[in-house]
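Chain and residue survey
This is what each chain is made of:
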Amino acid sequence: MESLEDILGRHPFFAGFEAAHGRLVAGCARNVRFAAGQYLFREGDPADEFFLIRHGKVALELIEPGRPPVVFATLGEGEIVGASWLLPPYRWRLAARAVELTRAIGIDAACLRGKCEADHHLGYEMMKRFLPILVERLQATRLQLLDVYGKR
Amino acid sequence: MAAPDPFLPQPWRVERRRRELIGAVTLELAPLAGERPDFLPGQFNMLYVFGVGEVAISLSGDAERGTAFVHTVRNVGAVSGALTRLEVGASIGVRGPFGSGWPLAEAEGADVLLVAGGLGLAPLRPAVYALLARRERYGRVVIMVGSRSPEDILYRRELEHWRRRSDLEVLLTVDHADADWRGHVGVVPALIPHAGLDPVETLALVCGPEVMMRFTANALLAAGIRPERIHLSMERNMKCAVAQCGHCQFGPFFVCREGPVLRYDRIAGILAVPEI
Ligand SMILES: Cc1cc2nc3c(=O)[nH]c(=O)nc-3n(C[C@H](O)[C@H](O)[C@H](O)COP(=O)(O)OP(=O)(O)OC[C@H]3O[C@@H](n4cnc5c(N)ncnc54)[C@H](O)[C@@H]3O)c2cc1C
Ligand code: FES
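Below is a short write-up of the structure. (Residues numbered from 1 in each chain as written. Chains lettered and ligands numbered in written order. Predicted model: local features only at pLDDT ≥ 70, side-chain atom pairs only at ≥ 80, totals over all residues. Heavy atoms only, no water.)

**So, the sheet that holds strand β16 (residues 261–263) of chain B**
Consider a sheet: its strands pair through backbone hydrogen bonds, and that pairing is either parallel or antiparallel. Residue and element names in this part refer to chain B. Strand order in the open sheet formed by seven strands is β11-β9-β8-β7-β12-β13-β16, with mixed pairing between adjacent strands. Two strands bound the open sheet, and with one partner strand each, they are β11 (184–185) and β16. The pairing of strand β13 (residues 230–233) with β16 spans three bridges and is antiparallel. The residue bridging L232 from the neighbouring strand is L262, located in β16. In the packing of helix α2 (residues 121–133) onto the sheet, the strands contacted are β7 (111–117), β8 (141–147) and β12 (202–207), and the crossing angle to β7 comes to about 155°. Contacts from helix α3 (residues 156–163) reach β8 and β9 (169–174), with the element oriented near 140° to β9. (Pairing = 2+ DSSP bridges. Helix = DSSP H or I, 4+ residues; strand = E, 2+ residues; numbered from the N terminus. Contact = heavy atoms within 4.5 Å. Axes fitted to C-alpha atoms, helices over the stretch in contact; angles between N-to-C directions.)

**Describing the site of ligand 1**
Residue and element names in this part refer to chain B. Taken together, 18 residues lie around ligand 1, and A56, T72, R74, S80 and E235 are the ones closest in. At a separation of 2.8 Å, a nitrogen atom of ligand 1 approaches a polar backbone atom of T72. In this structure, an oxygen atom belonging to ligand 1 sits 3.3 Å away from a main-chain N or O atom of G77. In isolation ligand 1 exposes 900 Å². Once the protein is present, 68% of that is buried. Of all the secondary-structure elements, those providing two or more residues to the shell around ligand 1 are β4 (53–58), β5 (69–74) and α1 (78–84). Ranked by the residues each element gives to the shell around ligand 1, the list is headed by β4, at four residues. Looking at side-chain class alone, the shell around ligand 1 contains 11 nonpolar, four polar and three charged residues. (Near = heavy atom within 4 Å. Polar contact = N/O pair within 3.5 Å; in protein donor to acceptor, adjacent residues only side chain to side chain. Areas by Shrake-Rupley, 256 points an atom, 1.4 Å probe, with all protein chains shown as cover. Nonpolar A, V, L, I, M, F, W, Y, C, P; charged D, E, K, R; others polar.)

**A word on the side chain of H21 of chain A**
Looking at where H21 of chain A falls in the secondary structure, it is placed in helix α2 (residues 19–26). Discounting residues that sit within four places of it in the chain, H21 of chain A has contacts with D119, H121, L122 and E125 of chain A.

**Quick look at the state of the cysteines**
Scanning all chains against the criterion turns up one disulfide over all chains. Across a sulfur-sulfur distance of 2.0 Å, C28 of chain A and C111 of chain A are joined as a disulfide pair. Disulfide C28 of chain A-C111 of chain A: torsion about the S-S bond near -70°, hence left-handed. Taken together, the positions of C28 of chain A in the loop between α2 and β1 (29–34) and C111 of chain A in helix α3 (residues 109–118) put the pair 83 residues apart, joining distant regions of the chain. The partly exposed category is assigned to C111 of chain A, whose relative accessible area is 25%. Distance from the sulfur of C207 of chain B, which forms no disulfide, to the nearest cysteine sulfur (C248 of chain B) is 16 Å. Judged by its relative accessible area of 1%, C207 of chain B is buried. (Disulfide = S-S within 2.5 Å. Buried < 20%, exposed > 50% of the residue type's maximum accessible area, 1.4 Å probe, protein only.)

**Here we look at the pattern of salt bridges**
All names here are of chain A. Evaluated as defined, the whole model comprises 23 salt bridges over all chains. Of the charged contacts in the structure, one is a salt bridge between E49 and R30, with a shortest N-O distance of 2.7 Å. Linking E49 in strand β3 (residues 49–55) with R30 in strand β1, this pair joins segments that are 19 residues apart in sequence. You can call E49 buried: its relative accessible area is 15%. A residue is classified by how much of its surface remains accessible, and R30, at 45% relative accessible area, is partly exposed. Across the pair E125 and R129 runs a salt bridge whose closest N-O atoms are separated by 2.5 Å. Of the two residues, E125 and R129 are both situated in helix α4 (residues 120–146); the distance of four residues between them amounts to about one turn of the helix. For R129, a relative accessible area of 14% translates into the label buried. (Salt bridge = Lys/Arg side-chain N within 4 Å of Asp/Glu carboxyl O.)

**So, a nonpolar patch on the surface**
Taken together, the side chains of L131, L134 and V135 of chain A define a hydrophobic patch exposed on the protein surface, amounting to about 250 Å² of accessible area. Looking at where L134 of chain A falls in the secondary structure, it is placed in helix α4. (Patch = residues over 30% accessible without salt bridge, like charges linked within 9 Å, V, L, I, M, F, W, Y side chains within 5 Å.)

Dropping the structure here:
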């Protein structure tokens, strides 16, 4: 059977990652599976695990009181769900719901935070991979905010 | 028959009118005299609502079929609003077709990626018909469409029909949706890294609001597509449409003559200059 380390190594997020770092991360990882409609996490929950999607689709939702949740992004194969685990107070600021059957690798956040503190090379590698994703998402949000398609 | 004076609107009649979205309609126009001139996918006409004014509107129908000019118009102001309110039987003035078309000959042998934002799908639709008419000449054909919400997707039924074809890949994304929407949510450039494009083989045709096209071009470059393989359809204000008045000037180009379809490498330097 394929080890978690092999699966992680093939995920685009870890492209070019050192083998030793891969082993450290794999030590915090587990396989997870979400049925269509199941929540990976909800707003306010402790951000104690984030996810690398292997197959499927996950919707990021924000709740407006008195209204149905608004989906503002979907993420798919090769993408990463969740960044709040990086920053105190380590609580989710949005909800993530599987739109279809989704298989992912869950990474224990406290475990990985501890390893990043202990080995700043690993921490820096993780940051170098997370930051571009966050910047891309910020850019995308800006474009969404401009609401370019309608009558202005 | 001598070609009509390009400055002189010819009388055409609204044959059919279909409401597409809130504030957007498709008009089919028939000539009151003679036949519909040929046009290339990507070209536009000047439509004149008598007593109101004239605006540039892309051709959105099949260049190789039918006898009408098909135009999809969104109400954003006086003239486009009057166009969307025209009833069947009304007459309007038409000049055109004008401008350059999509580089479909250059696309032969290549994979073709079409990226549309909002009403930008209208000028790309004739290109889709042309690609399908000679499907065997092209590699993969991928259509990406971004809209504000599921209710704002233009030509939705036709897109669904295309999606069921095995020789087209259609990816829809919306800026936001409720939980019932099962498709993608997010901006259209975010789809590009996941399409598995072969950067050397792909030629990209992009149409939408300028800011969306800039983001899309950046994502295409990041995916390894060369700037000279990216083509954008620019919508700049038109007046004469025959390279006389300078209204549509965009750096060294007159969009009415060299455009509206322009190669990205030729315009990249001026695309983000606010004064141009
Ligand atoms: C080559 C070319 C092809 C075009 N193809 C189409 C088409 O297929 N369908 C279509 O509906 N329109 C198309 N347009 C845009 C159309 O020409 C303009 O929307 C129209 O000129 C607006 O005129 P108006 O008198 O209705 O509005 P105006 O009174 O001139 O403008 C009203 C408001 O709308 C804004 N506005 C003007 N143009 C646009 C625009 N393109 N998008 C968003 N807001 C705008 C103005 O800034 C202003 O705030 C095309 C333009 C060009 C140059
Ligand atoms: S519209 Fe007059 S020069 Fe182009």
